[in-house]
Amino acid sequence: MERETLEFDVVFVGAGPANLSGAYHLARLAKQNNLEIEIAVIEKGSAVGAHILSGAVMDPRALKELIPDFVEQGAPLESPVTDDQFLYLTSKRAIRAPITPPPFKNHGYYIISLNRLTAWLGEKCEEAGVNVFPEFPGADLLYDENDRVAGVRTGDKGIDKEGKPKPNFEPGVDLRAKVTVLGEGPRGSLTKQLVERLGLDEGREPQVYSIGVKELWELPDDRYPAGRVTHTLGFPSDTQTYGGGWIYGMQNNVLNLGYVTGLDYKDPLIDPHAEFQKYKTHPYIAKLLEGGKMIRYGAKTIAAGGLFAMPRTYADGVLLVGDCAGFLNSQRLKGIHSAIKSGMLAAEVIVEALKAEDYSAKQLQRYEQVVNDSWIVPELRKVRNFHAAFKRGRWLGIVNAGLQFFTGGRAWGIFDRDAAHAGHLEMKKLSSYGYKGDSLEQRYNGLRFDGKTTFNKVTDVYHAAVGHDEDQPAHLHVLDTNICSTRCAEEYGNPCQRFCPAAVYEMVDDGANGRRRLQINFSNCVHCKTCDIMDPYQIINWVTPEGGGGPDYKGM
Ligand code: SF4
């Protein structure tokens with residue numbers, strides 16, 4: 001097949017905060033150094049920010065380094081944080097901590113819409129001469145004859161569900177580059193291929209993840225002011241499951257709330273979407289939402305493994321930035337600042353490489369050094385044992401988090417290191433819990449989706465404005481569907497039906513043989529990557545769908 005080839009100096013894959021900051025900084029540095037270079041940013045969504053849903057609390061440290069007068073330049077900030085609270089939820093009560101724990105103090109930070117911030121950074125990039133290509137999913141990495149990364153191939157367009165070209169068929173384009181920067185977010189599909197191929201995770205701990213399920217609500221009045229930040233612990237998670245909630249007040253009486261569930265849970269009946277719906281039934285939250293209207297829904301994973309789970313972040317011709325390199329601080333639930341900083345550091349290292357005309361791993365190794373010397377690694381070192389300690393349950397996790405302050409981050413978590421393994425291995429079989437079959441009632445007894453405060457997955461997905469052309473091959477590759485009807489049904493009750501927050505996986509009757517088979521409703525997918533992470537047999541492979549498909553959060 002004839003493919004168009006475009007030559008660039010640097011290609012950034014994914015238009016998130018890390019890559020956009022990197023591309024913008026690189027364009028600026030190239031100009032200062034009289035380097036004439038071509039930079040491209042490709043993005044699988046229909047526009048920059050289309051796959052990024054709104055509210056976050058941003059530590060502005062890195063944005064200040066990137067654009068010192070970001071406020072004057074009109075960065076879209078919802079509100080400075082004006083008020084912090086930390087609540088412990090029992091099933092009926094909300095108990096406010098007399099002192100907000102230091103990791104949850106957010107004064108000096110901003111509540112932002114990350115969607116709008118990335119759109120703004122995208123505009124900055126274009127003004128600086130960067131080529132930004134939405135609807136260009138990175139489908140494969142290109143390698144040269146010496147196995148060095150040499151660019152990226154974008155996905156074909158116009159393939160029908162049988163894999164045959166349609167009249168509108170357009171082959172993907174080969175974007176060749178001296179350096180390719182992967183900023184795909186957690187569990188990036190190209191990053192996963194690269195890490196496996198080059199063994200970038202050798203000697204590191206497996207990455208562990210959490211999933212955040214969130215909704216935006218329009219409230220009828222200003223009962224929850226813009227700038228107020230609440231974090232919660234307790235209800236509805238059980239003490240063996242890592243979880244917690246957030247509530248952020250945005251402009252125009254919009255509330256951003258969500259719930260994080262660790263993707264290293266044990267109970268196979270856990271459903272992160274149901275955990276979040278149950279969260280909203282708590283009297284404190286339900287009262288807050290009374291008379292309001294849910295306007296948007298989304299879900300996203302975060303990489304929570306921290307310092308010990310970071311893969312090697314460089315190889316010949318390639319760098320990893322942001323969440324796909326695991327730079328998120330899971331204790332503070334913040335990664336935007338380190339994503340921006342890592343993009344900037346990548347840009348600085350690339351300029352040195354361009355000057356030396358050397359794009360080898362030996363030259364790009366400098367990136368690891370500058371990340372270590374920056375504030376990213378010291379920040380992560382202080383919380384390096386945070387997540388691991390929660391494996392022993394909520395209370396020991398909390399004590400460990402407190403001990404970190406007095407031990408420079410060591411706490412006792414160091415003793416847990418040998419036991420580190422991927423989160424899906426934590427899931428126990430149905431029989432260990434005495435469950436009969438896969439009925440959710442056994443865990444979520446009494447949870448009802450009333451269409452007012454609580455919603456089923458299909459209703460929620462409608463509010464993610466997800467769109468995928470139905471006549472294309474499914475982008476969820478299940479390598480052996482026999483396992484689904486046999487072993488998995490028996491052992492785990494097909495947990496994909498529960499851990500997917502978008503009702504993509506459904507076990508349906510398979511005619512007269514009395515078995516059930518897997519049906520994949522791929523067009524619902526909100527691109528959270530949970531299935532790729534949490535499948536107990538690791539036979540689900542998430543690949544990029546046709547460009548432009550997925551959720552559409554523009555302007556939210
Ligand atoms: Fe997330 Fe996978 Fe479901 Fe898509 S199919 S929404 S990536 S869990």
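Residues numbered from 1 in each chain as written. Predicted model: local features only at pLDDT ≥ 70, side-chain atom pairs only at ≥ 80, totals over all residues. Heavy atoms only, no water.

(A) Representation of the overall build of the chain in the model. Each helix and strand in the chain was counted, giving 17 helices and 24 strands. Its C-alpha radius of gyration of 23 Å places the chain within 12% of the 24 Å reference for a compact globule of 556 residues. Over its C-alpha atoms, taken along the principal directions, the chain stretches across nearly 65 × 60 × 50 Å. Relative to its full complement of 556 residues, the chain shows a buried share of 61%. Residue pairs in contact within the chain that sit at least 24 positions apart in sequence constitute 77% of those at least 6 positions apart. If you sum the accessible surface of the chain, you get close to 22100 Å²; carbon and sulfur atoms cover 49% of it. Computed over 63 positive and 71 negative side-chain charges, the separation of the two mean positions in the chain equals 7 Å. (Helix = DSSP H or I, 4+ residues; strand = E, 2+ residues; numbered from the N terminus. Rg over C-alpha atoms; globule rule 2.2 N^0.38 Å. Buried < 20%, exposed > 50% of the residue type's maximum accessible area, 1.4 Å probe, protein only. Contact = heavy atoms within 4.5 Å. Areas by Shrake-Rupley, 256 points an atom, 1.4 Å probe, with all protein chains shown as cover. Lys, Arg positive; Asp, Glu negative; His and termini not counted. Charge placed at Lys NZ, Arg CZ, Asp CG, Glu CD.)

(B) Quick look at the pairing of strand β10 (residues 149–154). Most of β10 is tucked away: five of the six residues are buried. Linkage of strand β9 (residues 138–143) to β10, two consecutive antiparallel strands, is achieved through a turn of five residues, within which aspartate 147 is found at a positive phi near 65°. (Pairing = 2+ DSSP bridges.)

(C) Region of interest: the packing of aromatic side chains. Within the structure shown, the criterion is met by 13 aromatic pairs. Measuring from ring centre to ring centre gives 5.3 Å for phenylalanine 133 and phenylalanine 136, while their planes differ by 25°; the resulting arrangement is stacked. Taking 5.8 Å as the distance between ring centres and 75° as the angle between the ring planes, the aromatic pair formed by tyrosine 492 and tyrosine 537 counts as edge-to-face. Here tyrosine 492, found in the loop between α15 (481–491) and α16 (496–499), pairs with tyrosine 537, found in the loop between α17 (530–534) and β24 (540–542); they are 45 residues apart in sequence, far enough to count as distant. Note on accessibility: tyrosine 492 and tyrosine 537 belong to one class, buried. (Phe/Tyr/Trp six-rings, centres within 6.5 Å; stacked < 30°, edge-to-face > 60°.)

(D) Molecular detail of helix α4 (residues 189–198). Every buried residue of α4 is listed here: Ser189, Leu190, Thr191, Leu194 and Val195. In this structure, the buried side of α4 is in contact with β1 (5–13), β9, β10, β13 (174–182), β20 (318–320) and β24. Of the residues trailing α4, glycine 199 is marked for its positive phi of about 60°.

(E) Representation of the site of the ligand within the structure. If you check the shell around the ligand, you find 13 residues, and the closest are Cys500, Cys525, Cys528, Lys529 and Cys531. Residues that form the shell around the ligand fall into these classes: eleven nonpolar, one polar and one charged. (Near = heavy atom within 4 Å. Nonpolar A, V, L, I, M, F, W, Y, C, P; charged D, E, K, R; others polar.)

(F) Molecular detail of the domain arrangement of the chain. Here the domain parsing of the chain yields domain 1 (5–68 + 116–204 + 308–381), domain 2 (77–111 + 207–303), domain 3 (386–419) and domain 4 (425–542). Spacing between the C-alpha centres of domain 1 and domain 2 amounts to 30 Å. Each side of the interface is counted separately: domain 1 has 20 residues, and domain 2 has 29 residues. Buried surface at the junction of domain 1 and domain 2, summed over both partners, amounts to about 2000 Å²; 61% is from carbon and sulfur atoms. Area buried by domain 1 at its contact with domain 2 is led by Leu53, Val57 and Leu333, which between them contribute 28% of it. There are two salt bridges connecting domain 1 and domain 2. Residue aspartate 323 is joined to lysine 300 by a salt bridge in which the shortest nitrogen-to-oxygen separation is 3.4 Å. On the surface where domain 1 and domain 2 come into contact, there are five residue pairs in polar contact (both at pLDDT 80 or more). Counting residues per element, the side of domain 1 that touches domain 2 draws most heavily on strand β3 (residues 55–58), at four residues. (Domains from an automatic or database assignment. Buried area = accessible area lost by both parts, 1.4 Å probe. Salt bridge = Lys/Arg side-chain N within 4 Å of Asp/Glu carboxyl O. Polar contact = N/O pair within 3.5 Å; in protein donor to acceptor, adjacent residues only side chain to side chain.)

(G) Here's a closer look at the environment of asparagine 456. Counting through the fold element by element, asparagine 456 comes out in the loop between α13 (441–444) and α14 (457–462). Filtering out sequence-adjacent residues up to four positions away, asparagine 456 remains in contact with His273 and Phe449. A distance of 2.6 Å separates polar atoms of two side chains, one belonging to asparagine 456 and the other to threonine 459.

(H) Broad picture of the nonpolar core. Core analysis: the biggest nonpolar cluster contains 86 residues, and Leu26, Ile112, Leu117, Leu182, Leu194 and Tyr367 have the highest contact counts within it. A total of twelve residues in this core trace back to one element, the largest contributor, which is helix α7 (residues 336–356). The residues contacting leucine 194, other than those within four sequence positions of it, are Leu141, Tyr143, Val149, Leu182, Gly199, Leu200, Val318 and Leu320. Membership of the second largest hydrophobic core comes to 76 residues, among which are Ile211, Val229, Ala401 and Cys525. (Core = buried A, V, L, I, M, F, W, Y, C linked by side-chain atoms within 4.5 Å.)

(I) Geometry of the sheet that holds strand β7 (residues 110–113). What the three strands build is an open sheet, ordered β3-β7-β4; its pairing is antiparallel. With partners counted over all chains shown, the strands left at the sheet margins are β3 and β4 (77–80), one partner each. Looking at each pair of strands side by side, their axes are set apart by 25° on average, direction ignored. Note: β4 against β7, three bridges, orientation antiparallel. Within β7, the position partnered with leucine 77 by the bridge is isoleucine 112. Strands β3, β4 and β7 of the sheet are contacted by helix α3 (residues 114–127), whose axis makes an angle of about 75° with β7. (Axes fitted to C-alpha atoms, helices over the stretch in contact; angles between N-to-C directions.)

(J) Summary view of unusual backbone geometry. Phenylalanine 235 connects to proline 236 through a cis peptide bond whose omega is 5°. You will see that arginine 187, though not glycine, has its phi angle at about 50°, which is positive. Its place among the elements puts arginine 187 in the loop between β13 and α4. The class for arginine 187 is buried, based on a relative accessible area of 19%. Unlike most non-glycine residues, alanine 503 shows phi in positive territory, near 55°.

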